[in-house]
Amino acid sequence: MKLSKIAVFTSGGDSPGMNAALRAVVRAARYYQIEVEGVYRGYEGMIDADFTPLDERSVARIVDKGGTIIKSARSEAFRTKEGRKQAYNNLQKHKIDAIIGIGGDGTFTGLHVFNKEFGIPVIGIPGTIDNDIFGSDYTIGFDTASNTAIQAIDRIRDTATSHNRLFLIEVMGRDAGFIALRCAIASGAKAVMLPETHTEPEALLAKIKLGEQKRKSSNIVIVSEGNKNGNAQELAKQLQLMDDSFDIKVTVLGHVQRGGPPSAYDRLLASRLGVGSIEALKAGKSDVMVGVLNEKMVFTPLEKAIKENHRINDEMMKLIEILSI
Ligand code: F6P
């Protein structure tokens, strides 16, 4: 495959470590004498021809920076055939031979459709705090986001204990409970409410009451934003209606989880996946996502990465059950 120039973009919700991945893509490309165009604002910028040439110096001093210097967006226009045609024409004008997209499910769907329609080689790099991508044990940003959340939860624990309060703490994850599960285990939470497990509020209340009988002084419950029985606010209302003896407080951690300098783990993962994406293109691979499973670099067809679910680990769910008695 001809590989003189590639384009790289970040898309969807930003995640800490996207800059480290961008740096790795650009530096690896330049190492192999490939030119790079950075596309601003994901697919939106591809449609608007918002491109900028990037070389090894353009990505200096960003390995430690949160967010994404080339910005991100969720694009409605790219969902239309006309939008994609416009984007393809712009890539052709800039003589782009292949594209690398850093993002989640939505980003990969765009890449896959684009590759099928126009035949341009594409590679996906998993960058999302949600960790909900099949084909990689971890996604770029998950480690940092969960550490940020855990630090905040530890602080809430201090005040919860001082006042014998029940705290419902909502963490991000519209469709996935990976941040919630990790935070629940690491913060010693009483319970976790995930989109994947459908725990009834009655069962949660019974659990909390049992803890009370065992002289538990405070309770932390981690609620995933996408919990099917309601977010933290809604759940608090339901619990209070069932039993008004509890002093319930709600904290929604929100977008604080998306920012901040990436952890060492995320920087390393991003560096590996960024270099891996260029080496994959050089080896003639396309329409795949580069991931790390059991510490080994693996390539999963984008279609599979989109369709299959990264499953919640039952053993981890059991940990909460055992450790919160
Ligand atoms: O996909 C990452 C994520 O942070 C989700 O956890 C969250 O539901 C969503 O993005 C929020 O998106 P936005 O910042 O566009 O509202």
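If you're wondering where the values come from, they're calculated on a predicted model, not measured in any experiment. (Residues numbered from 1 in each chain as written. Predicted model: local features only at pLDDT ≥ 70, side-chain atom pairs only at ≥ 80, totals over all residues. Heavy atoms only, no water.)

Chemist: An account of the packing of helix α5 (residues 142–163) against helix α6 (residues 178–187) is requested, with residue identities and associated values reported.
Modeler: Relative orientation of the contacting elements α5 and α6 amounts to 45°, with a least axis distance of 9 Å. Between α5 and α6, the interaxial angle falls into the category oblique. Handedness of the α5/α6 crossing: right-handed. Note on element contacts: α6 touches α5 through Phe178, Ile179, Arg182, Cys183, Ala186 and Ser187, opposite Phe142, Asp143, Ala145, Ser146, Ala149, Ile150, Ile153, Asp154 and Arg157. (Axes fitted to C-alpha atoms, helices over the stretch in contact; angles between N-to-C directions. Helix = DSSP H or I, 4+ residues; strand = E, 2+ residues; numbered from the N terminus. Parallel < 35°, antiparallel > 145°, perpendicular 65-115°, else oblique. Left-handed = near helix turned anticlockwise from the far one by under 90°. Contact = heavy atoms within 4.5 Å.)

Chemist: How would you sum up the sheet that holds strand β10 (residues 288–293)? Please name residues and give values.
Modeler: Taking strand neighbours across the sheet as the criterion, the seven strands line up as β3-β2-β1-β4-β5-β10-β11 in an open arrangement whose pairing is mixed. This sheet does not close on itself; its edge strands, each paired only once, are β3 (51–54) and β11 (296–301). This sheet shows a mean twist of 30° between the axes of neighbouring strands, independent of strand direction. Where strand β2 (residues 35–39) meets β3, four bridges bridge the pair, whose relative direction is antiparallel. Paired with Glu37 across the two strands is Pro53, which belongs to β3. (Pairing = 2+ DSSP bridges.)

Chemist: Just give me the short version of the side chain of Ser218, but keep the residues and values in it.
Modeler: Relative to the assigned elements, Ser218 resides in the loop between α7 (201–213) and β8 (219–224). Ser218 gets classed as buried once you look at its relative accessible area, which sits at 8%. A distance of 3.2 Å separates polar atoms of two side chains, one belonging to Ser218 and the other to Arg157. Within the local environment of Ser218, its side chain forms a polar contact with the side chain of Thr161, the two groups lying 3.4 Å apart. Among residues more than four places away in sequence, those in contact with Ser218 are Arg157, Ala160, Thr161 and Arg165. (Buried < 20%, exposed > 50% of the residue type's maximum accessible area, 1.4 Å probe, protein only. Polar contact = N/O pair within 3.5 Å; in protein donor to acceptor, adjacent residues only side chain to side chain.)

Chemist: Tell me what's going on with the domain arrangement of the chain, and back it up with residues and numbers.
Modeler: Assigned domains of the chain: these are domain 1 (5–141 + 262–307) and domain 2 (142–259). Counting from both sides, the interface comprises 18 residues of domain 1 and, opposite them, 15 residues of domain 2. Summing the contributions of domain 1 and of domain 2, the shared interface buries around 1200 Å²; its carbon and sulfur component is 53%. Here domain 1 is connected to domain 2 by one salt bridge. When the shortest N-O distance is used, the salt bridge between Asp14 and Arg258 registers 2.9 Å. Where domain 1 packs against domain 2, one counts nine residue pairs in polar contact (both at pLDDT 80 or more). Classifying every residue of the side of domain 1 that touches domain 2 gives six nonpolar, seven polar and five charged. (Domains from an automatic or database assignment. Buried area = accessible area lost by both parts, 1.4 Å probe. Salt bridge = Lys/Arg side-chain N within 4 Å of Asp/Glu carboxyl O. Nonpolar A, V, L, I, M, F, W, Y, C, P; charged D, E, K, R; others polar.)

Chemist: So what about the site of the ligand? Which residues, and what values?
Modeler: The immediate surroundings of the ligand are formed by Arg74, Thr128, Ile129, Asp130, Met172, Gly173, Arg174, Glu225, His255 and Arg258. Within the backbone of Arg174, a nitrogen or oxygen atom sits 3.4 Å from an oxygen atom of the ligand. For the ligand, whose unbound accessible area comes to 400 Å², protein coverage reaches 78%. Counted by class, the shell around the ligand contains two nonpolar, three polar and five charged residues. (Near = heavy atom within 4 Å. Areas by Shrake-Rupley, 256 points an atom, 1.4 Å probe, with all protein chains shown as cover.)

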